[in-house]
Amino acid sequence: MNEGFKRHIQYISLYQGKIFSIIILGGLIYGIFLTTVINDSPGKMIEYFEMILAVIPCSLTVNYIRYQIDFCLSMGCTRRNIYLGIYILTAELLVESLAVFLLMKMIASTSITADMILSFVISELLSATLGVLNGFLIRRFGYAKMLLILGIFYGGLALFALNSFFLMTEFLSSPSSWLLIIGGLLILYGLIVNLFGKKTIDRM
Amino acid sequence: MNEILTQEKSIYLQISEMIENDILRDILLEEERVPSTNELAALYAINPATAAKGINLLVDRNILYKKRGIGMFVTSGAKEKIRQHRKEEFYQRYFKTMMEEAHSLGITREDLISMIHAEDDKK
Amino acid sequence: MENAKELMPLQCKNIIKKYKEKEVLHNIDLTLEPGKIYGLIGRNGAGKTTLLSILAAQCPATSGDITLGEETVWENQQALSHICFSRELNPVAESAIASMKVKDYLKAASIYYPHWDKEMADRLVKTFELEPGKKILKLSKGMLSMLTIILALASKADYTLLDEPVAGLDVFMRDKFYKLLLEEYEKTGRTFLISTHIIDEASPVFEEVIMLKDGAILLKENTEDLLSRAVHISGREDAVDAAVKGLKTYRPEKVGRSKGITVLMENGQEFQSSGEISVQPVSLQNLFIALCGDEN
């Protein structure tokens, strides 16, 4: 591993640690709020928490692209290392949140079904793909490619949503659907922000 | 060494003149170490290369000499040399300009001579 | 300068930079020799910041190469570890530094710059009386400048580029900066390229001056040599015109019969003064105004 990349990863973990602690703290407060005020079932609360967890990879990637690229460049980091950072960040978060997910289910002693893990992995993979795509998109720079990927991405998401749509009555009451909606919005935000990220690199 | 730099002249010339002045006024004595390039640079906030240029000017004229590894020193006889040099400069630097100015103002030779006498009598 | 490193020059060749259709840098050729302090001066919009940013490979040039010795600087971590470009800090809410405190910023810098001198950074924070816990968003213009100075000096990079480091600093702090800079330069012989608008104050610090005009390098010369070639001539118009005949003149100014003009002599040319005209030395700032001011 080259020296510059090591330094960059060191910086990423520094800023990531901060955001992580804020989100986890936020999640806990939210959890306490739900338990005490709303008095929801533990199963649902855990799903809410998953929702928050799923937001992490998205928001971290978005934050990285929106705010950090500029800064890292100004500190003499190469573009290559910045792209690598995006991949590492997403892969790492995928693994981390999956571990937390499994742990949470075990604590709540909800039986973990294959479907559950699969849907979680899919939603996480979508987030992770988004992160990795960000890297590719910025590197390749083509608007056409970006639109193509956007199309495929939302196609997949639509299928995923359609699946939930059959359970229409359940739809809005299920946190997982909200997760989808929030995830979708974040992805949209991510992609829009991505365009700005590309412009940042171009303009500097 | 505590004169102020002006913009009227090249900085390196001012540096060499300041050192000369200090030698003439016995602020710097013969065979004594003069401030280093870096000390001068720090004092006046000037580039060390410029300070070095000023010092080298004096080395070339044998007013300063370099002791390897220690620094720059005032040559013995430097004071006399500077005085001699300034005397030679006097005509160009003061006398000629004075005459030019006097000429353009219409001050006559007699006027000038009486001015010299009057100034001398004051002492 | 005892320890001047045996470094290669930082060079750029045929640099062109276009933003959309607008060309902001035209065919820039520039060589920075190791162990010198360079001043970069130019009017607002002349391309100073863009040039600095390109030299540090932070901004891509539309065409042309930057090399450190034999190596290309672009995307080369090895070469980049020798370069620090301390940008002017502009903390808007939408930026990474907006949420940072002074100490976070320096912490990040200590991670990225391989030769970072923490002891020096801490000392300078004290010298400038900066509060490490203060948010960058809350810093005054002068404090932001101080932070960029700390980054530049403590980076210990062989080539350090500073973009208007004294903007917003009061006269005492500016003086402090020049002294700190010279002290560091004497100790390490690092190369500095410093852009500034406060020209006369900084000109004694610059061994060489680089003038940028409308995206092109107008001149690059030893500061003292340049100033020794420049004089301002004034007197009655006909006398001045006769005196400057055949010389390169800039920025003539007339009041009634009187005329003043700046002359830049070629090497070896000398100017003979006479009783008819006044010959005065020109400061770098005045020379800059004469060379880069509006035409006519």
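Residues numbered from 1 in each chain as written. Chains lettered and ligands numbered in written order. Predicted model: local features only at pLDDT ≥ 70, side-chain atom pairs only at ≥ 80, totals over all residues.

Draft legend 1. A look at the interface of chain B and chain C. Every contact between the two is made by 19 residues of chain B and, on the other side, 19 residues of chain C. For the side of chain B that touches chain C, the secondary structure elements donating two or more residues are α1 (11-24), α2 (37-44), α3 (48-60) and α4 (78-105) of chain B. For the side of chain B that touches chain C, the class distribution of residues is nine nonpolar, six polar and four charged. (Contact = placed C-beta atoms within 7 Å. Helix = DSSP H or I, 4+ residues; strand = E, 2+ residues; numbered from the N terminus. Nonpolar A, V, L, I, M, F, W, Y, C, P; charged D, E, K, R; others polar.)

Draft legend 2. A look at the packing of helix α4 (residues 118-127) of chain C against helix α5 (residues 141-154) of chain C. Residue and element names in this part refer to chain C. Look at α4 against α5: their axes get within 9 Å of each other, and the N-to-C directions meet at 155 degrees. Classed by the angle they form, the pair α4 and α5 counts as roughly antiparallel. For α4 against α5, the interelement crossing comes out right-handed. The residues of α5 that touch α4, namely those facing Met120, Ala121, Leu124 and Val125, are Ile150, Leu153 and Ala154. Per-class residue counts for the contact of α4 with α5 are seven nonpolar, no polar and no charged. (Axes fitted to C-alpha atoms, helices over the stretch in contact; angles between N-to-C directions. Parallel < 35°, antiparallel > 145°, perpendicular 65-115°, else oblique. Left-handed = near helix turned anticlockwise from the far one by under 90°.)

Draft legend 3. How the structure looks around the confidence of the model for chain C. For chain C, the average pLDDT comes to 90, and 96% of its residues sit at 70 or higher. Confidence drops under pLDDT 50 across residues 1-5 of chain C; counting only partners more than four residues distant or on other chains, this segment forms twelve contacts. (pLDDT = per-residue confidence, 0-100.)

Draft legend 4. Highlighting the sheet that holds strand β14 (residues 277-281) of chain C. Residue and element names in this part refer to chain C. Reading across the sheet, the four strands line up as β12-β13-β11-β14 and stay open at both edges, with antiparallel pairing between neighbours. Among the strands making up the open sheet, the edge pair consists of β12 (248-255) and β14. Pairwise comparison of adjacent strand axes, ignoring direction, gives a mean angle of 20 degrees for this sheet. Inspection of the sheet shows strand β11 (residues 230-236) paired to β14 by five bridges, in the antiparallel sense. Across the sheet, the residue bridging to Ser234 is Ser278, located in β14. Where helix α10 (residues 284-292) meets the sheet, its contacts fall on β11, β12 and β13 (258-264), and the angle it forms with β12 comes to roughly 95 degrees. (Pairing = 2+ DSSP bridges.)

Draft legend 5. Spatial organisation of the pairing of strand β2 (residues 22-32) of chain C. All names here are of chain C. Two strands pair when backbone bridges link them, and strand β1 (residues 10-19) and β2 are joined in this way by seven bridges, in the antiparallel orientation. If you follow Ile15 over to β2, its bridge partner there is Ile28. Between β1 and β2, which pair antiparallel in sequence order, lie two residues; one of them, Lys20, sits at a positive phi of approximately 55 degrees.

Draft legend 6. Examining unusual backbone geometry more closely. All names here are of chain B. Within the chain, Glu31 stands out as a residue other than glycine whose phi angle is a positive 65 degrees. Along the chain, Glu31 falls in the loop between α1 and α2. By the C-beta count within 10 Å, which is 10 here, Glu31 ends up exposed. Even without being glycine, Ala45 reaches a positive phi, approximately 55 degrees. (Buried ≥ 20, exposed ≤ 12 C-beta atoms within 10 Å, placed from the backbone.)

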